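Breakdown of the fold
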Amino acid sequence: MNFKNALKQVQKDCDIKMVNSGVFTGSWSKIEHKKKLDSFSPINGKKLGTIALATKKDYKQVIESAESSFKEWRKIPGPRRGEIIKEISDELLKYKESLGILVSLEVGKTISEGQGEVQEMIDIGYFATGLSRQIYGNTMASERKHHRMYEQYKPLGPIGVITSFNFPSAVWAWNSFIAAVVGDVTVWKPSSKAPLTAVATINIVNKVLKRNNLQPIFFLIVGRGRDIGDDFLNERRFPLISFTGSVKTGSKVGELVGKRQGKTLLELGGNNAAIVTENCDINNAVNGVAFGALATAGQRCTSTRRLILHKNIYDTFLEKMKKAYQSVRIGTPLDPNTLIGPLIDQQSVDNYLNAIKTAQNQGGKLVTGGKIKKIKDLENGFYVEPTIIEATKDMDIVKEETFAPILYVMKYKTIEEALTIHNNVPQGLSSAIFTNDIREEEYFLSEKGSDCGIANVNTSTAGAEIGGAFGGEKDTGGGRESGSDAWKIYAHRQTVTVNYGKDVPLAQGVKFDIEE
Ligand code: UN1
């Protein structure tokens, strides 16, 4: 597919104009007299469109609309809310191709990854529909006579959702569709590197609400952090802020929201490792590690950044990895044969080059890659060679997350040593072991094993399914979103005690002598 036709297709199908409003308050706000933000494609540096940024006034309006919409939406029975979300998933399915291409154009994901992004939205929508009939609480045995005690989960309020460029719409859906069936509405602040995908998504989903004569429940505000960021985080009408992004910004989010006793769901950086033992299926492991390290050009929170390799297979495995790296096709993500598209921007390329230089200065040995990749006719795109560096566990750079396809390889002798290396980083999102040995596998899963939120056996650190709770420990922030019981964070949990007796037995045996 060529770039021009791809852009034409998404402009038509996804209703992308030359200048798009970046604020949806129930209708799209005016674009005149506003600061503008251009969205460029990392494929070739060409402009895709322009966004009118939110003003303080827009911000006020968004939160007011969200508040009033929440008051209506929360009254709708949960299963009915679930039906609406199902209709939204059905609608997204119709747009899967075009919206997926827009994702590819705007953030440089390969065609299949762009389609996969939309599929994740569809899947979490169907998951949310099932969930809408399963918002259960427990019933507890009361210690008092004629008392009933139980818990219920009620809608929480408007939720602020801040997302990152690398999953420019799926992560929004993980939060927003689950929150919606619980009874909440969401205000989305997308990455300023992927605003068009957000505009298109908001258009599609709210159309379904309109068709059902319902108020919008999905709001959008594209704005610069310095203009509206602090207001957003300090906003007491957002009882919960869900944030995906860097550890540095996430710490600020946690601090500001914590100051006002708000809740946060933080999904911050990862520095994920795969342990490959001598008892693995070598080819499966090569595939699993290569996918984890190379998918989305190493720009996933779940990307494999460290390979911890047993000494007995070190040389042969590394040789196979090197071959795999040298044969992958790098280029425009619009070509279905491409496996690695561009990085998101120049800053990312600089970070890539700096990390490689630092690793070498710290004693790392370059195995393959390490350079910018020049591609004919795409000179203004941000392409780099996927890189493998032999490292040691003490190198500082190995403890940092660089959002680029750089894989640090380290050698180990015993499984205990492998796990010590594995856990010796500040981040704790995803992890993997490749082995057919039950002892190694169980050690990895034991309390002495992986300290991450996600632990995979014989499969990659990346590519988590929506059905599980997604998130991690340590610097990753502790949040869980998407599947399992992650819905609970979007709910107001209330413990209820009902006395249906004829007197009031007070707690701790206290008695008041008030009878005449
Ligand atoms: C992210 O990078 O923020 O597990 C999310 C995966 C994807 C989600 C990644 N399903 O790779």
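The rules we used
Residues numbered from 1 in each chain as written. Predicted model: local features only at pLDDT ≥ 70, side-chain atom pairs only at ≥ 80, totals over all residues. Heavy atoms only, no water. Near = heavy atom within 4 Å. Polar contact = N/O pair within 3.5 Å; in protein donor to acceptor, adjacent residues only side chain to side chain. Areas by Shrake-Rupley, 256 points an atom, 1.4 Å probe, with all protein chains shown as cover. Nonpolar A, V, L, I, M, F, W, Y, C, P; charged D, E, K, R; others polar. Patch = residues over 30% accessible without salt bridge, like charges linked within 9 Å, V, L, I, M, F, W, Y side chains within 5 Å. Salt bridge = Lys/Arg side-chain N within 4 Å of Asp/Glu carboxyl O. Helix = DSSP H or I, 4+ residues; strand = E, 2+ residues; numbered from the N terminus. Buried < 20%, exposed > 50% of the residue type's maximum accessible area, 1.4 Å probe, protein only. Domains from an automatic or database assignment. Contact = heavy atoms within 4.5 Å. Buried area = accessible area lost by both parts, 1.4 Å probe. Arc of directions from axis to C-beta. Pairing = 2+ DSSP bridges. Core = buried A, V, L, I, M, F, W, Y, C linked by side-chain atoms within 4.5 Å. Axes fitted to C-alpha atoms, helices over the stretch in contact; angles between N-to-C directions. Parallel < 35°, antiparallel > 145°, perpendicular 65-115°, else oblique.

**A few points about the site of the ligand**
- Inspection of the region around the ligand gives E120, N166, F167, W174, E267, R300, C301, T302, A462, G463, A464 and F470 as its neighbouring residues.
- The backbone of A464 places a nitrogen or oxygen atom 2.7 Å from an oxygen atom of the ligand.
- Relative to its unbound accessible area of 320 Å², the ligand is 100% covered by the protein chains.
- Broken down by class, the residue content of the shell around the ligand amounts to six nonpolar, three polar and three charged.

**Digging into a nonpolar patch on the surface**
- A surface patch of nonpolar side chains, about 540 Å² in accessible area, is lined by V504, L506, V510, F512 and I514.
- Structurally, the position occupied by F512 is in the segment after β23 (491-499).
- A residue is classified by how much of its surface remains accessible, and F512, at 63% relative accessible area, is exposed.

**Side note on the domain arrangement of the chain**
- Considered domain by domain, the chain is made up of domain 1 (3-268 + 477-494) and domain 2 (272-466).
- The distance between the C-alpha centroids of domain 1 and domain 2 comes to 30 Å.
- Each partner contributes to the interface: domain 1 provides 29 residues, whereas domain 2 provides 25 residues.
- In total, about 2100 Å² of surface goes out of reach between domain 1 and domain 2, with carbon and sulfur atoms giving 65% of it.
- Connecting domain 1 to domain 2 are two salt bridges.
- Among the ionic pairs, R300 bridges to E113, the shortest N-O distance being 3.4 Å.
- At the surface where domain 1 touches domain 2, the tally comes to eight residue pairs in polar contact (both at pLDDT 80 or more).
- Put simply, the parts of the chain that give the side of domain 1 that touches domain 2 at least two residues each are α1 (3-13), α4 (96-107) and α5 (111-131).
- Per-element accounting of the side of domain 1 that touches domain 2 gives the leading share, six residues, to α5.
- Counted by class, the side of domain 1 that touches domain 2 contains 13 nonpolar, eight polar and eight charged residues.

**Examining helix α14 (residues 438-445)**
- Listed as buried for α14 are E440, E441, Y443 and F444. End-on, the buried residues of α14 take up no more than an arc of 160 degrees, which puts them together on one face. With respect to the buried face of α14, the exposed residues turned more than 90 degrees away are I438 and R439.
- Check the buried side of α14 and you find it contacts β12 (272-276), α13 (415-423), β18 (430-434) and β19 (454-457).
- The N-capping residue of α14, defined by a side-chain oxygen 2.7 Å from the backbone nitrogen of R439, is D437.

**Focus: the pattern of salt bridges**
- Scanning the entire structure with this criterion turns up 26 salt bridges.
- The shortest N-O distance in the salt bridge between D345 and K193 comes to 3.5 Å. One end of the pair, D345, is in the loop between α11 (314-327) and α12 (346-361); the other, K193, is in the loop between β8 (185-189) and α7 (195-211), and 152 residues separate them in sequence.
- Bridged by salt links that share partners, the residues E87, E91, K94, K207 and R211 form one connected network.

**A look at the environment of A355**
- With respect to the secondary-structure elements, A355 resides in helix α12.
- Measuring from C-alpha to C-alpha, the distance between A355 and T302 comes to 18 Å, with 53 residues separating the pair along the chain.
- Setting aside residues no more than four positions away along its own chain, A355 makes contact with I397, T402, I406 and Y408.

**Focus: the pairing of strand β16 (residues 406-412)**
- By the criterion of burial, β16 is predominantly enclosed, with six of the seven residues buried.
- Direction of pairing for strand β13 (residues 304-310) relative to β16: parallel, over a ladder of five bridges. From the neighbouring strand, L309 faces β16, where its bridge partner is K411.
- Note: strand β15 (residues 387-390) against β16, four bridges, orientation parallel. When the sheet's bridge partners are listed, I389 is paired in β16 with Y408.

**A closer look at the nonpolar core**
- Ranked by size, the top nonpolar core spans 152 residues in total, and within it L99, L105, W172, F177, F218, V276 and Y408 carry the most contacts.
- With eleven residues, the top contributor of residues to this core is helix α6 (residues 170-182).
- Two domains share this core, each providing at least three of its residues, namely domain 1 (3-268 + 477-494) and domain 2 (272-466).
- Residues in contact with V276, not counting those within four places in the same chain, are A285, V289, L307, I308, L309, H310, I313, F317, Y412 and F434.
- Counting residues in each nonpolar core, the second largest holds five residues, with V103, F165, A194 and I344 among its members.

**A closer look at the sheet that holds strand β4 (residues 47-52)**
- In spatial order, the strands read β1-β4-β3; together these three strands make up an open sheet with mixed pairing. This sheet does not close on itself; its edge strands, each paired only once, are β1 (19-21) and β3 (36-40). Neighbour-to-neighbour, the strand axes of this sheet turn through a mean angle of 30 degrees, independent of strand direction.
- Pairing between β3 and β4: five bridges, direction antiparallel.

**A few points about the side chain of S191**
- For S191, the position within the fold is in the loop between β8 and α7.
- Relative accessible area serves as the criterion here: at 12%, S191 is assigned to the buried category.
- Within the structure, the side chain of S191 is placed 2.9 Å from the backbone nitrogen of K193, a separation counted as a polar contact.
- Setting aside anything within four residues of it in sequence, one finds S191 in contact with T163, S164 and F165.

**Looking at the side chain of T304**
- One can find T304 in strand β13.
- A relative accessible area of 1% places T304 in the buried class.
- Setting aside anything within four residues of it in sequence, one finds T304 in contact with N272, A273, A274, V289, G292, A293, I406, L407, S460 and T461.

**What about the packing of helix α3 (residues 78-94) against α6?**
- With their axes 8 Å apart at the nearest point, α3 and α6 run at an angle of 150 degrees to one another. Viewed along their axes, α3 and α6 adopt a mutual orientation that is roughly antiparallel. Residue-level contacts link G78, R81, G82, I85, I88 and L92 of α3 to F177, A180, V181 and V182 of α6.
- In terms of residue class, the contact of α3 with α6 is built from seven nonpolar, two polar and one charged.

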